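# A look at the structure
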Amino acid sequence: MPASPDFEPLRAKLDEAGIAWRQVRYWLEDEVISTVGPGGEFGPLQVVPGQAGTDGRAARDAFELMWHAHANPHLTEWTPIEAGALVPGEWVRYLPFPTFNPAQAEAAPVIADSKGNVIVTAPTGAGKTVIGMLAVIKALVDQGSKAAWLVPQRSLTDELERELASWKELGLKVERLSGEQVTDLKKIREAHLWVATTEKFESVCRTASMREALAEVACLVVDEIHLLGDPVRGPLLEALLARVRGGDSGVRIVGLSATVANAADIATWLGARLVATSWRPSRLTWQLPVIRGAGNRAMEQTARTEKAVAITELISRDNGSVLVFCGSKRNVRATALAIAAARGADTRGVHADDLDRLERVCTSARVGIHYKEWEYKSAAERGFRARELDVLVATTTVAAGVNLPARAVVVRDTQLGTATIGVATVQQMFGRAGRVGAGESEGWAYLVVAEEDRSAWQQRLVDGYTVRSQIAGTLPDHLLAEAAQGRIHSVADAEQWWLRTLADHQGTRDVAPVHAALDLLCERGFLTEVPQDDDTVTLAVTELGTLTTRLMVGVQTGTDIASWLAEQNVPDNPDDAERFLARAVGSLVPQFAEAPVADELRPHVARLRDAGGHPDRVDGQQGPSSGCDPGDLAQVAFLLVANSPEMFTRVRRSVGGIPASILYPILTEAPRYFAWLAEQGRLGTVHPWIAVTAADLGRRIRWRASAPPRGAGRLLWICEQMATREHADRLVPQLYDAARRSGVSNPDWPIGGTPRLCRLDRTGYVGLLRDRCTGADVRPDGDAHVVVEMPTGSGVVIWAGDEYRLSEDEGCLAFPAANAGDSQGVAVFSPRGDYHCHGWAAAYNGILP
């Protein structure tokens, strides 16, 4: 019952009758559970009949969990344990504190005294980061080896790097790797510790020049190892762990998690010792307040907001801080505005999409807003930590990202877009309540649920999150990666690899999926079968396979893109070509197709799409738009770069009327997909118009801040080559701008002195100029033939309409048979990535005056 004076008479009666009771601060649930049956008889704990959305087992289990948790007053006192008593003394200077809490003290001897794999499960807030530090220190200090620390999100790489800042002062080189970071291979090789997202670390693993450095890794710390069960992130992590697990591996795996019910199963798979502790510096109490009216979306949204506001007011009136999690950015803004109004702010005339006024009015009410693209999120973080803000309303990215502790957590939504929120995500959010950093001894967590969903959520939370392998859905990708890294050479090798996966450990013994995946890879040209003298067959990775795994393009995604483009009629102008490419990549790459578009933006996105990325043409459109389809946001992002490049020359809040914060993440990820298509030109695996257009558009997207127009791709290519990979981000814009100021529009300049900013020596620079397609001479010889002279090692593709063929021969070559009206063309591709075209694609040879 609630710890309220209103219940004092009831408590007295219960005492008089000798009936046990519990009182809980901030108790909101009103479910009736009793040991008294319908006829008045005593029996097992059960739910009183007639309560909607209540399941007996779920309610009983949840009640018993709460009953035992509150059996005694929560004791906040605990005795710190000297770290030097449990680990070597020289380790202590690398730790943030010289003492351990009980959870850390339980894990520390296991980490220090053994070299085997370890899985540590402990509640959020128990200090698992320090446990990870101990594993890394052992590898770096005791063994003189390297270590890697994997985290699921880029924001966590930032936070972990800050926590390890003192290590750099002690002489340890810590390098952060994420999609937004420049990959300086020299720094990476020299680093002692890599802090990386799983995706970025795997990308480094696939870099041949990094193999030697990777061989020195003795410890792999995996934060949030329960994400093995995540459909998106899990397969890549499982493939990585399958590669390095086992007694013959020199890599120690240390997995950390707060939310995994089958930790023992995961530990057995990894051959790891399990350290499971329930100690938490504060007691966590979770509840499921109910809303009604779930059949009407507008009513449900209103009810969720009202419930979130009411709970927030309950806690904040008692001087407590509150984190409110919402399932969308729109709900974040609307809920923050409603909470500000309840706290007395004047919100008249303020709309949830009026960002500047929203920020001012919410801040005035001590309410902060936080989501990935929110302009003021850093200020909100600082204000909430400093308790200048009482309430922070955020998306779920904060749950497993930034450390923002609070007294209470309110999860407003059970949906993230169109998907139901996962149990692990809910538990991560709950774990933010009652964190030590907030000075709290107890935490309170509330998941707002529809009445009919309450029992299901009760049981899920009682049961906890169970990790199940998700690798089957992307099996071809991982088999190809293993083959490209030299670990799979045959069907038998692939079967042996499968036996090391979590999927096999959890009972998927059938190797038929492996055979099907290998068949697909061979059928689509990623692998090829090579007969041997002893009548066996080995598997070899083709150039297409190497390209695909190097750029981390999904096999199915790449196949879908190439197949869709091959089905289109060959365009006869660059505008159509770029529109086709934008549509293919935007709609067939899952992360782009699934990028959410707020309801209020959808009409504008559709109009921009129809206007081909020309904002000035939107207002002149007649009639309604045909609607906003999946992938249209990405398509618009690409077309804005293609047709309105001047809009990217400076940092803007919006581009073409669309928030830059939702465009830039797409534009950051897109170049590798265009590069995948571009590099196939030399292989002859896509039509040359696709390769040439992708090469130009992909580089214009990557270097969009320089506003490169159509035809700039070749000039940007040679700027990249001269800058070298390590210095590209800094030097390419400078080299490109210098070239344009000098009137240079392509790489076809004469050999002379080395440009001032070029990072190549004289020999490298002259070799680069030799490998250009500048020397390619393409001359028509009648209607059916063309004379081609090209640099050594280049490939030439001759095409007519849909038909094309690759030839490495110079001289007089015949066009494929053409239908009347079919356009013809020739494209020459150099081994280093340059190209030169004849036909309409010649528009990409250089920037037109």
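Look up: the structure comes first, before these words.
Keep in mind it's a predicted model, so treat the numbers as computed, not measured. (Residues numbered from 1 in each chain as written. Predicted model: local features only at pLDDT ≥ 70, side-chain atom pairs only at ≥ 80, totals over all residues. Heavy atoms only, no water.)

Time to look at the packing of helix H3 (residues 102-113) against helix H4 (residues 128-142). One can describe the packing of H3 onto H4 by two numbers: an axis separation of 9 Å at closest approach and a directional angle of 20°. Relative to H4, the element H3 is oriented roughly parallel. The crossing of H3 and H4 is right-handed. Residues Ala103, Gln104, Ala107, Ala108, Ile111 and Ala112 of H3 lie in contact with H4, whose contacting residues are Val130, Ile131, Leu134, Ala135 and Lys138. In terms of residue class, the contact of H3 with H4 is built from 9 nonpolar, 1 polar and 1 charged. (Axes fitted to C-alpha atoms, helices over the stretch in contact; angles between N-to-C directions. Helix = DSSP H or I, 4+ residues; strand = E, 2+ residues; numbered from the N terminus. Parallel < 35°, antiparallel > 145°, perpendicular 65-115°, else oblique. Left-handed = near helix turned anticlockwise from the far one by under 90°. Contact = heavy atoms within 4.5 Å. Nonpolar A, V, L, I, M, F, W, Y, C, P; charged D, E, K, R; others polar.)

Below, the discussion takes up the pairing of strand E9 (residues 217-223). Across the 7 residues that make up E9, a large majority, 7, are buried. Examined bridge by bridge, strand E6 (residues 146-151) and E9 share 5 bridges and lie parallel to one another. Within the sheet, the bridge partner assigned to leucine 150 lies in E9 and is valine 222. Looking at chain direction, E9 and strand E10 (residues 252-257) are connected through 5 bridges and run parallel. Note that in E10 the partner of valine 221 across the bridge is valine 254. (Buried < 20%, exposed > 50% of the residue type's maximum accessible area, 1.4 Å probe, protein only. Pairing = 2+ DSSP bridges.)

Strand pairing within a sheet occurs via backbone hydrogen bonds; the two strands may be parallel or antiparallel. One open sheet holds the 4 strands; their spatial order is E29-E28-E31-E32, and the pairing between them is antiparallel. One side of each edge strand has no neighbouring strand; the edge strands of this open sheet are strand E29 (803-807) and strand E32 (835-838). Adjacent strand axes in the sheet meet at a mean angle of 15° when their direction is disregarded. Relative to E29, strand E28 (residues 795-800) runs antiparallel, the two being bridged by 5 bridges. When the bridges of E29 are listed, tryptophan 799 appears paired with tyrosine 804.

Relative to the helices and strands, threonine 557 resides in helix H23 (residues 555-567). Overall, threonine 557 belongs to the buried group, its relative accessible area being 14%. With residues near it in sequence (within four places) discarded, threonine 557 still touches Leu588, Val589, Pro590 and Tyr673.

By the definition in use, this model includes 43 salt bridges. Here glutamate 523 makes a salt bridge to arginine 524, at a shortest N to O gap of 3.9 Å. On the basis of relative accessible area, glutamate 523 is assigned to the exposed category, the value being 61%. Two residues, arginine 700 and aspartate 696, come together in a salt bridge whose shortest N-O distance is 2.7 Å. (Salt bridge = Lys/Arg side-chain N within 4 Å of Asp/Glu carboxyl O.)

Attention now moves to the nonpolar core. Core analysis: the largest hydrophobic core is formed by 152 residues, its most contacted members being Trp194, Phe201, Leu241, Leu479, Leu565, Phe638 and Leu677. Counting residues per element, this core draws most heavily on helix H27 (residues 632-643), which supplies 9 residues. Not counting residues within four places of it along the chain, the set of residues in contact with tryptophan 194 comprises Lys146, Ala147, Ala148, Trp149, Glu175, Leu177, Ile188, Phe201, Met210, Ala213, Leu214 and Val217. In this structure, Trp91, Ala107, Val120 and Leu134 belong to the second largest nonpolar core, which totals 41 residues. (Core = buried A, V, L, I, M, F, W, Y, C linked by side-chain atoms within 4.5 Å.)

This part takes up the environment of glycine 793. By the secondary structure assignment, glycine 793 is in the loop between strand E27 (785-789) and E28. Spatially, the C-alpha atoms of glycine 793 and phenylalanine 829 are 9.0 Å apart, while their sequence positions differ by 36 residues.

Let's shift gears to empty space enclosed by the protein. Following the criterion strictly, the structure yields 1 cavity of 30 Å³ or more and no others. Considering only enclosed or pocket space, the largest cavity measures out at about 60 Å³ in volume. Considering the residues around the largest cavity, the lining is formed by Leu150, Val151, Pro152, Thr198, Val222, Asp223, Glu224, Leu227, Arg233 and Leu237. If you list the elements that add at least two residues to the lining of the largest cavity, you get E6 and E9. For the lining of the largest cavity, the residue count by class is 6 nonpolar, 1 polar and 3 charged. (1 Å grid on protein atoms, 1.4 Å probe; cavity = no way out; pocket = protein on both sides within 12 Å on 5 of 7 lines; lining within 4 Å. Points joined across faces, edges and corners; volume = space filled by probe spheres on them.)

Right, let's talk about the sheet that holds strand E17 (residues 408-411) for a bit. Pairing is parallel in the open sheet, where 6 strands are placed in the order E12-E20-E17-E14-E16-E15. In this open sheet, the two edge strands, each paired with only one partner strand, are strand E12 (283-287) and strand E15 (367-370). Taking the axes of each pair of neighbouring strands and ignoring which way they run, one obtains an average angle of 15° across the sheet. Pairing of E17 with strand E20 (residues 442-447) involves 4 bridges; the strand directions are parallel. Its bridge partner lying in E20, valine 411 is registered against leucine 447. In this fold helix H12 (residues 297-316) packs onto strand E14 (322-325), strand E16 (391-394), E17 and E20, with an angle of close to 170° to the strand it touches most, E14.

Moving on to a negative patch on the surface. A surface patch of negative charge is lined by Glu789, Glu808, Asp809 and Glu810. Among the structural elements, aspartate 809 can be located in the loop between E29 and strand E30 (811-814). (Patch = residues over 30% accessible without salt bridge, like charges linked within 9 Å, V, L, I, M, F, W, Y side chains within 5 Å. Areas by Shrake-Rupley, 256 points an atom, 1.4 Å probe, with all protein chains shown as cover. Lys, Arg positive; Asp, Glu negative; His and termini not counted. Charge placed at Lys NZ, Arg CZ, Asp CG, Glu CD.)

This next bit is on the side chain of arginine 11. Tracing the backbone shows arginine 11 in helix H1 (residues 8-17). Ignoring sequence-local partners within four residues, the contact set of arginine 11 consists of Met1, Pro2, Ala3, Ser4, Pro5, Trp21 and Gln23.

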